Amino acid sequence: MVRPTSVTILDTTLRDGLQIEDAIVPTDAKVTLGQQLIAAGLKEIEVGSFVNPKKVPQMADTGEVLQRLQPYEAEGVDFFTLVFNLKGAQRAVDAGAKNIKLVLSASEGHSQANSDAPIAQATQRLLEAATFARDNGVRFDITTAVSFICPFDGITDAGHLVEVLRPFVEAGAHGIGVADTIGNANPSLVSRNTSAVLEAFPGRPVSLHLHDTYNFGMANVIAALDLGISNFDAAMGGLGGCPFAPGAAGNIGTDDLVHLLHREGVATGVDVDALSAVREPLTAAVGHELTSSLSAIPAVPAAYHA
């Protein structure tokens, strides 16, 4: 497989990056952060999730954040929100969402922890949301959590992963996301399971959502590039984590990802230096230091890039 010459990055700072933080970031601050990410060149932004605000109060203002950022759609920016059931899809449509992401666990253990239901029941619940979105002209993507390793059930079988995804592809999912939710996957495992998905659903865009618990994140990016993957999720400064996946660390950093891709000669459309403007207000918003490499040191000069 030939490596892509350019990739698209979905920045998940406002959703995955903030959902696990103790601090509830004010809506105005979220909107400002979104504007700064857009100014740096990001064209895909995940702004939050339509979930029970009692369980995830950090996401209670997702509808307002989405609506305040929607004028940037005229500049070619796409916004995404997560939903986990029909009610969430209805709230997304009411807020004017044009793109939603459905998330289903690829293991029974994580499904019970994340959605209080086995995979089969969670699938039916999400298919209702998918049908509602499709009928209302909203694009939906499907992402599988713990696509490689589950903290409860161990390594995820590639064939099983494909079958978990299949009902949603048949229902019209635009894109497929495979997530290393606990950041424990290694390049060989990422290659094995992602290859199975690519082979099962040719022609469907596949994206990789990586966490960086064991510092394998960027090695996994390289493995995915070698498979031809051209869509990646990341969060500024390495923020993030799943409240229902014990041991999960933050996402790969958007700043670090852009830096790596540029060093590898892969275009992103993002100005890695402009991302530095996001670091100070983001650090202030969450009340602690960021963990990405570029949050502490500057990017390597362009003269050293491939």
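That block above? That's the structure.
Residues numbered from 1 in each chain as written. Predicted model: local features only at pLDDT ≥ 70, side-chain atom pairs only at ≥ 80, totals over all residues. Heavy atoms only, no water.

**Student:** Is there a simple way to think about the overall build of the protein in this case?
**Tutor:** Scanning the protein from N- to C-terminus turns up 11 helices and 10 strands. Taken against the 2.2 N^0.38 rule, which gives 19 Å for 306 residues, the C-alpha radius of gyration of the protein at 18 Å falls within 12% of a compact globule. Principal-axis analysis of the C-alpha atoms places the extent of the protein at approximately 50 × 40 × 35 Å. For the protein, with 306 residues in total, the buried portion stands at 56%. For the protein, the share of sequence-separated contacts (at least 6 apart) that also reach a separation of at least 24 residues comes to 76%. Charged side chains of the protein number 19 positive and 34 negative; the gap between the two group centres comes to 5 Å. (Helix = DSSP H or I, 4+ residues; strand = E, 2+ residues; numbered from the N terminus. Rg over C-alpha atoms; globule rule 2.2 N^0.38 Å. Buried < 20%, exposed > 50% of the residue type's maximum accessible area, 1.4 Å probe, protein only. Contact = heavy atoms within 4.5 Å. Lys, Arg positive; Asp, Glu negative; His and termini not counted. Charge placed at Lys NZ, Arg CZ, Asp CG, Glu CD.)

**Student:** Which parts of the structure should I look at to understand the side chain of Gln58?
**Tutor:** With respect to the helices and strands, the residue Gln58 is situated in the loop between strand 2 (44-50) and helix 3 (62-69). A polar side-chain atom of Gln58 sits 2.6 Å from the main-chain carbonyl oxygen of Glu21. With residues near it in sequence (within four places) discarded, Gln58 still touches Leu18, Gln19, Ile20, Glu21, Ala23, Ile24 and Lys30. (Polar contact = N/O pair within 3.5 Å; in protein donor to acceptor, adjacent residues only side chain to side chain.)

**Student:** What should I look at first to understand the packing of helix 4 (residues 86-94) against helix 6 (residues 119-135) in this one?
**Tutor:** At a minimum axis distance of 8 Å, the contact between helix 4 and helix 6 shows a crossing angle of 25°. By the angle between their axes, helix 4 is roughly parallel relative to helix 6. By crossing handedness, the relation of helix 4 to helix 6 is classed as right-handed. Where helix 4 abuts helix 6, its residues Leu86, Ala89, Gln90 and Val93 lie against Arg125, Glu128, Ala129 and Phe132. Split by residue class, the contact of helix 4 with helix 6 holds five nonpolar, one polar and two charged. (Axes fitted to C-alpha atoms, helices over the stretch in contact; angles between N-to-C directions. Parallel < 35°, antiparallel > 145°, perpendicular 65-115°, else oblique. Left-handed = near helix turned anticlockwise from the far one by under 90°. Nonpolar A, V, L, I, M, F, W, Y, C, P; charged D, E, K, R; others polar.)

**Student:** Mind showing me how you'd approach the pattern of salt bridges here?
**Tutor:** A side chain with one charge can pair with a side chain of the opposite charge if their charged atoms come near. Scanning all chains against the criterion turns up 14 salt bridges. As a salt-bridge pair, Glu264 and Arg3 come within 2.7 Å of each other at their nearest N and O atoms. Residue Glu264 is found in the loop between helix 10 (254-263) and helix 11 (276-286), and its partner Arg3 is found in the segment before strand 1 (8-11); the two are separated by 261 residues along the sequence. Relative accessible area serves as the criterion here: at 35%, Glu264 is assigned to the partly exposed category. The salt bridge involving Arg68 is made with Asp28; its shortest N-O contact spans 2.8 Å. Separated by 40 residues along the polypeptide, Arg68 in helix 3 and Asp28 in helix 2 (residues 27-39) bring together distant segments of the chain. Each of the salt bridges in this network shares a partner with another, and the network as a whole consists of Arg3, Asp226 and Glu264. (Salt bridge = Lys/Arg side-chain N within 4 Å of Asp/Glu carboxyl O.)

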